[in-house]
Amino acid sequence: MSILPASSDPHRLSGQRLALAIGALAVGGFAIGTTEFTIMGLLEEMRADLGVDYAEGGQVISAYALGVVIGAPVLATIGAKKPQRTVALALMLVITLANLSSFFASGFGWMLASRFLSGLPHGAYFGVAAVIAASLADPAKRGRAIAMVMLGLSIANVIGVPFATWLGQQFGWRSMFLLVGVIGMGTLFLIRAFVPALPVRPGASIRTELGALRSPQLWLTLLIGIVGFGGFFAVYSYISPIMTEVAGLGAALLPLVVALYGVGMVVGNILGGRLADRSIMGSIYGVMATIAAVLLLFPLAATMPWSACLFVFLVGASGSTLIPPLQARLLDVSPDAPSLASSMNHSALNTANALGAAVGGAVITAGWGFTSPALVGAVLAVLGLGVAVVSGRMDRRAGQGGGRDGSVVAPTAAHAQQAHRQQSHSQQAHVD
């Protein structure tokens, strides 16, 4: 008599081993979040040191975002036939070297190129990290595993960005890049030590990855993120004048406001993972409606300091709750190209960042007031919900079945749940 293992997949992890593997990947997300957002707080110091004006200084931020949009699909596709841990290590090495290059940058052109290079691996890293986490975790806890990887990005807004900003103010703005480089080197060690080597997915190729681009559901899911998150970023991009000019908070309290927003992101990220494990489409519907409601009420709440701070937390929480189910949805609608689909989520979010900032700035310039971006954001969230409903109806018409609460679950998710039930039965003793 022999006892079969709890899982037929030898690559599944549990307990401390799973926590260490996902934690190693999350540290990489922490490094990425720190380098992406800290430069905004040190823009004045960088601009003065490099001798450029505000428009040129802003190009450094835009260069990073452009790198994310371009690099996510390109690098994910190139790495399709490589082992996933190898791809994650290579991407983190590029991030590390690019930040060290920014530390040594002696001129504006060098800095611009280094920041573009830093952004290239951003989306691809999160894409492959999400795929690794989903592969290592129990299928019933896939959403939570993906959320834990993304948690590194959220924690960066609470701890990494404030600390790196302080470090840059005390020891020079370049020291921020050195800090990220050190974190990157630590991430390389952690991934090598704790993330197991996974086999290349059968049938993986550049052609199959690019073939996912023909899927209407892939583009609809990306559109949910672009439109829905556009409203989220419309508010966050102008949080400083909203809190000082409307809520009446002193500028000295803005770091605490940003930290409160980051705490909301952490809470939302964890909640989003749990909701995604219950129902992917159901959670997307609910979260999009919640984002619309929060943004609609934000102008009223912004008139008083305490309620403004509360809603800053709610904006951060509601927005980040959407990320795990969107990431899981992309894995489901593109089973033959998980890395490409997952990485493109971050291209979509950076597109949303640009859209939200542009629309929010336009309505403020038009004289609608500093809280007007929230109302525009609410409209965008409703539009995002409409796209989600269309996507869900297409699933139902295709006869793909429903989740436990009536929402749609794509075939790969359903198969994973069925496999999980079969694995639970296999824990019983069998006679050889």
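Residues numbered from 1 in each chain as written. Predicted model: local features only at pLDDT ≥ 70, side-chain atom pairs only at ≥ 80, totals over all residues. Heavy atoms only, no water.

Q: Would you take a moment to explain helix H9 (residues 216-236) for this structure?
A: Residues lying three or four places apart along an α-helix face the same way, a consequence of the helix completing one turn every 3.6 residues. With 21 residues, H9 should reach 30 Å at 1.5 Å per residue; the first-to-last C-alpha distance of 30 Å fits that figure. Of all bends in H9, the biggest is about 30°, found at glycine 230. In terms of burial, H9 is largely enclosed, as 17 of its 21 residues are buried. (Helix = DSSP H or I, 4+ residues; strand = E, 2+ residues; numbered from the N terminus. Expected span 1.5 Å × (residues − 1). Bend = angle between axes of the 7 residues up to and from the residue. Buried < 20%, exposed > 50% of the residue type's maximum accessible area, 1.4 Å probe, protein only.)

Q: Looking at this model, I keep getting lost on a nonpolar patch on the surface. Mind explaining?
A: A grouping of Leu66, Val69, Ile70, Val74 and Ile78 is seen on the molecular surface, where their side chains present a nonpolar patch of about 400 Å² in accessible area. For valine 69, the location among the structural elements is in helix H3 (residues 54-78). Taking relative accessible area as the criterion, valine 69 reaches 32% and is therefore assigned partly exposed. (Patch = residues over 30% accessible without salt bridge, like charges linked within 9 Å, V, L, I, M, F, W, Y side chains within 5 Å. Areas by Shrake-Rupley, 256 points an atom, 1.4 Å probe, with all protein chains shown as cover. Salt bridge = Lys/Arg side-chain N within 4 Å of Asp/Glu carboxyl O.)

Q: In this structure, what is going on with the packing of aromatic side chains? I would like to understand it.
A: Remark: the centre distance and the inter-plane angle together describe each pair of aromatic rings, the angle taken between the planes. Counted according to the given criterion, the structure contains 7 aromatic pairs. A centroid spacing of 6.2 Å and a plane angle of 80° characterise the contact between tryptophan 166 and phenylalanine 171, whose relative ring orientation is edge-to-face. The exposure class of phenylalanine 171 is exposed, given its relative accessible area of 59%. Seen from their ring centres, tryptophan 173 and phenylalanine 177 are 6.1 Å apart, and the 85° between their planes marks the pair as edge-to-face. For tryptophan 173, a relative accessible area of 5% translates into the label buried. Linked through ring pairs, Phe163, Trp166 and Phe171 together constitute an aromatic cluster. (Phe/Tyr/Trp six-rings, centres within 6.5 Å; stacked < 30°, edge-to-face > 60°.)

Q: I would appreciate a short explanation of the side chain of histidine 122 in the present structure.
A: Position of histidine 122 relative to the elements: it lies in helix H5 (residues 108-136). Owing to a relative accessible area of 2%, histidine 122 belongs among the buried residues under this scheme. Those residues in contact with histidine 122 that sit more than four places away from it in its chain are Ile32, Glu36, Tyr64, Val68 and His346. (Contact = heavy atoms within 4.5 Å.)

Q: Mind showing me how you'd approach the pattern of salt bridges here?
A: A side chain of one charge can pair with a side chain of the opposite charge if their charged atoms are brought near each other. Counted under the stated rule, the structure contains 4 salt bridges. The shortest N-O distance in the salt bridge between arginine 174 and aspartate 49 comes to 3.4 Å. Of this pair, arginine 174 sits in the loop between helix H6 (142-171) and helix H7 (175-194) while aspartate 49 is found in helix H2 (residues 43-50), placing the two residues 125 residues apart along the sequence. Assessed through its relative accessible area of 45%, aspartate 49 is described here as partly exposed.

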